[in-house]
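Fold and geometry: a report
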There are 2 protein chains.
Amino acid sequence: MSHTLGIRQAQKQKTRQAFLDAALELLEEQSLSSLGLREVTRAVGVAPTAFYRHFRSTADLGVALVEEALGSLHPMIGATVSAAGDSDQRIAGAVELIAHHVDAYPAHVRFIARERHGGVQPVREAIGAQLARFAEEVRAELATHPEAEGWSDDDLLMLAGLYVDQMLMTASLFLATLDAPEQERARVADVASRRMRLISIGRRHWLG
Amino acid sequence: MSHTLGIRQAQKQKTRQAFLDAALELLEEQSLSSLGLREVTRAVGVAPTAFYRHFRSTADLGVALVEEALGSLHPMIGATVSAAGDSDQRIAGAVELIAHHVDAYPAHVRFIARERHGGVQPVREAIGAQLARFAEEVRAELATHPEAEGWSDDDLLMLAGLYVDQMLMTASLFLATLDAPEQERARVADVASRRMRLISIGRRHWLG
DNA sequence: CCATGCAGTCAACAACTGTTCTCCGGGATC
DNA sequence: GATCCCGGAGAACAGTTGTTGACTGCATGG
């Protein structure tokens, strides 16, 4: 159904993507509220005024980045929750999935972790809304599992939120070990696994 | 023992504190990496060059703010962990303590939540180091409780870190409800309490 | 094939930034 | 009481910032 884009629109999306990529790279060592419009256009190799053809402001750019970054995070969360095997195997698989995602999209993870509590209100709200949607999806997924019998929807949502937050926390810790010895990464993976295990145990004994 | 400060040093500390206060207020709607030197001096009502008499750079100011903000958080964490009563009472008390602290020092909480993953490396590292110290203290406190029997030091530290992160998470959520209806705050307190309860249950069944 | 639309350019604007150097006044020290 | 020390003021520097308006070339739709 997707109509083949004309040369024109294709080029526009291309430079728009260039803006997003350049911004994510610049945001490696600063936060969105200090990201300058000219700074981005310079990195893209385009006139400052071209920015306005794609975004109203840097905050607008930020909201677009939220979709980009959380778009890549979304399938990861789904895969993490619906992993197979017994409890410990599932946890190990989930932690490995997170580590792999951080390797593949470090800038995405960094952006979300940084701007979730960052200084730009619209971006904060966009991230919060999307994460709430993720938690809702996780809740729905958990509800299909047999262990969820007897759980209220509210408690399931609480658990889902705990999982989502824990994933982000873990991802952020992995991020800090990107250029650190392998031993450090193993340590992070170990602690994250034990945290997840404790939550799993709490989940198992929640009722009664 | 403390020698009475001379007029000179007293005045210096006074304006230094004015810098910290002004910075915290400005950081309400932006992040440290976008905080300008002149911006701060303007808020204090002092010449731009006076800044250098107290700090080398804005990153240096940030590190000083870490001590200020975490200094106020420290006793709160201690009180939270060593609260009295049965499990549910302790949890309710802890959540209330957190809510009260957010009311009393919103700017401190905001600063820590924002800059913990923020764009200024030295500040990030300072926060991480202090939080690690907090977790260590919590571990030591937990070790004195009878429920900790049979726990390895490593597992206790894992639990302590989980508590610390959960406190910050909860505090950050309370922060977002500062100018929201009371109902919203109650909702946050409820979810936070249930999270803590799940963790407590996991803790109780961790062994065996 | 021609007219319209639109991504991107260019020049210019006032306002702002961090940093240096020089200077001043008054508390501190002997 | 003379001297030194030092927190702060002032002026000036070269760069940077966001935003404007009028322009150009080219893909598009009639």
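Everything below is about the structure shown above.
This report concerns the structure included in the present document. All of these numbers come straight from a predicted model, not from anything done at the bench.

Conventions adopted
Residues numbered from 1 in each chain as written. Chains lettered and ligands numbered in written order. Predicted model: local features only at pLDDT ≥ 70, side-chain atom pairs only at ≥ 80, totals over all residues. Heavy atoms only, no water. Helix = DSSP H or I, 4+ residues; strand = E, 2+ residues; numbered from the N terminus. Buried < 20%, exposed > 50% of the residue type's maximum accessible area, 1.4 Å probe, protein only. Contact = heavy atoms within 4.5 Å. Areas by Shrake-Rupley, 256 points an atom, 1.4 Å probe, with all protein chains shown as cover. Salt bridge = Lys/Arg side-chain N within 4 Å of Asp/Glu carboxyl O. Polar contact = N/O pair within 3.5 Å; in protein donor to acceptor, adjacent residues only side chain to side chain. Expected span 1.5 Å × (residues − 1). Near = heavy atom within 4 Å. Nonpolar A, V, L, I, M, F, W, Y, C, P; charged D, E, K, R; others polar. Patch = residues over 30% accessible without salt bridge, like charges linked within 9 Å, V, L, I, M, F, W, Y side chains within 5 Å. Lys, Arg positive; Asp, Glu negative; His and termini not counted. Charge placed at Lys NZ, Arg CZ, Asp CG, Glu CD. Buried area = accessible area lost by both parts, 1.4 Å probe.

A word on the overall build of chain A
Summing up its helical and strand segments, chain A has eight helices and zero strands in all. Beginning at the N terminus, the succession of helices and strands in chain A can be written as α-α-α-α-α-α-α-α. Here the C-alpha coordinates of chain A stretch approximately 65 × 45 × 35 Å along the principal axes. The buried share of chain A, reckoned over its 208 residues, is 46%. In chain A, the share of contacts with a sequence separation of at least 24, taken over all contacts with a separation of at least 6, comes to 67%. Carbon together with sulfur atoms contributes 52% to the accessible area of chain A, which is approximately 10600 Å² in total.

Here's the deal with the pattern of salt bridges
For the structure shown, the criterion picks out 22 salt bridges over all chains. In this structure, A:Glu137 engages A:Arg133 in a salt bridge whose closest nitrogen and oxygen atoms are separated by 3.7 Å. Highlighted residues: A:Glu137 and A:Arg133, both in helix α6 (residues 121-143), separated by four residues, approximately one helical turn. The exposure class assigned to A:Glu137 is partly exposed, which follows from its relative accessible area of 35%. Owing to a relative accessible area of 46%, A:Arg133 belongs among the partly exposed residues under this scheme. For B:Arg139, the salt bridge goes to B:Glu136, with nearest N and O atoms at 2.7 Å. Residue B:Arg139 and its partner B:Glu136 are located together in helix α6 (residues 121-143), separated by three residues, close to a single helical turn. According to the relative accessible area criterion, B:Arg139 is buried, its value standing at 16%.

Focus: the environment of B:Asp60
Residue and element names in this part refer to chain B. With respect to the secondary-structure elements, Asp 60 resides in helix α3 (residues 58-81). Given the relative accessible area of 27%, Asp 60 is considered partly exposed. Here the alpha-carbon distance between Asp 60 and Val 95, two residues 35 residues apart in the chain, equals 33 Å. Separated by 3.2 Å, the side chain of Asp 60 and the backbone nitrogen of Arg 56 make a polar contact.

A look at α6(B)
Relative to the 33 Å expected for 23 residues at 1.5 Å per residue, α6(B) spans 33 Å between its end C-alpha atoms, a close match to the ideal helical length. Where α6(B) is buried, its residues meet α3, α5 (106-115), α7 (153-176) and α8 (182-204) of chain B.

Comments concerning the protein's contact with DNA strand C
The environment of DNA strand C is formed by 19 residues, the closest being A:Arg8, A:Arg53, A:His54, B:Leu37 and B:Arg38. Sugar plus phosphate, as a fraction of atoms of DNA strand C within 4 Å of the protein: 43%. Residue B:Arg38 places a side-chain N or O atom 2.5 Å away from a base nitrogen belonging to DNA strand C. Contacts to DNA strand C include B:Arg42, whose side-chain N or O atom sits 2.7 Å from a phosphate oxygen. For the surface near DNA strand C, the elements supplying multiple residues, two or more each, are α1 (7-26) of chain A together with α1 (7-26) and α2 (37-44) of chain B. Looking at the surface near DNA strand C residue by residue, the class counts come to six nonpolar, six polar and seven charged.

Concerning a negative patch on the surface
Residues and elements named next belong to chain A. Residues Asp 21, Glu 25, Glu 28, Glu 29 and Asp 179 make up a contiguous surface patch of negative charge. Mapped onto the secondary structure, Asp 179 falls in the loop between α7 (153-176) and α8 (182-204). The class for Asp 179 is exposed, based on a relative accessible area of 76%.

Some remarks on the environment of A:Val120
Residue and element names in this part refer to chain A. Tracing the sequence through the fold places Val 120 in the loop between α5 (106-115) and α6. Here Val 120 falls in the buried class, since its relative accessible area comes to 12%. On a C-alpha basis, the gap between Val 120 and Ser 33 in space is 6.1 Å, while along the polypeptide they are 87 residues apart. Excluding residues that lie within four positions of it along the chain, Val 120 makes contacts with Leu 32, Ser 33 and Ala 59.

Concerning the interface of chain B and chain A
Facing the 37 residues of chain B at the interface are 37 residues of chain A. Summed over both partners, the interface of chain B with chain A buries about 3100 Å², with 59% contributed by carbon and sulfur atoms. As a salt-bridge pair, A:Asp154 and B:Arg194 come within 3.3 Å of each other at their nearest N and O atoms. The interface formed by chain B and chain A holds 21 residue pairs in polar contact (both at pLDDT 80 or more) in total. Secondary-structure elements contributing two or more residues to the side of chain B that touches chain A are α5, α7 and α8 of chain B. Of the residues contributing to the side of chain B that touches chain A, the split by class is 12 nonpolar, 12 polar and 13 charged.

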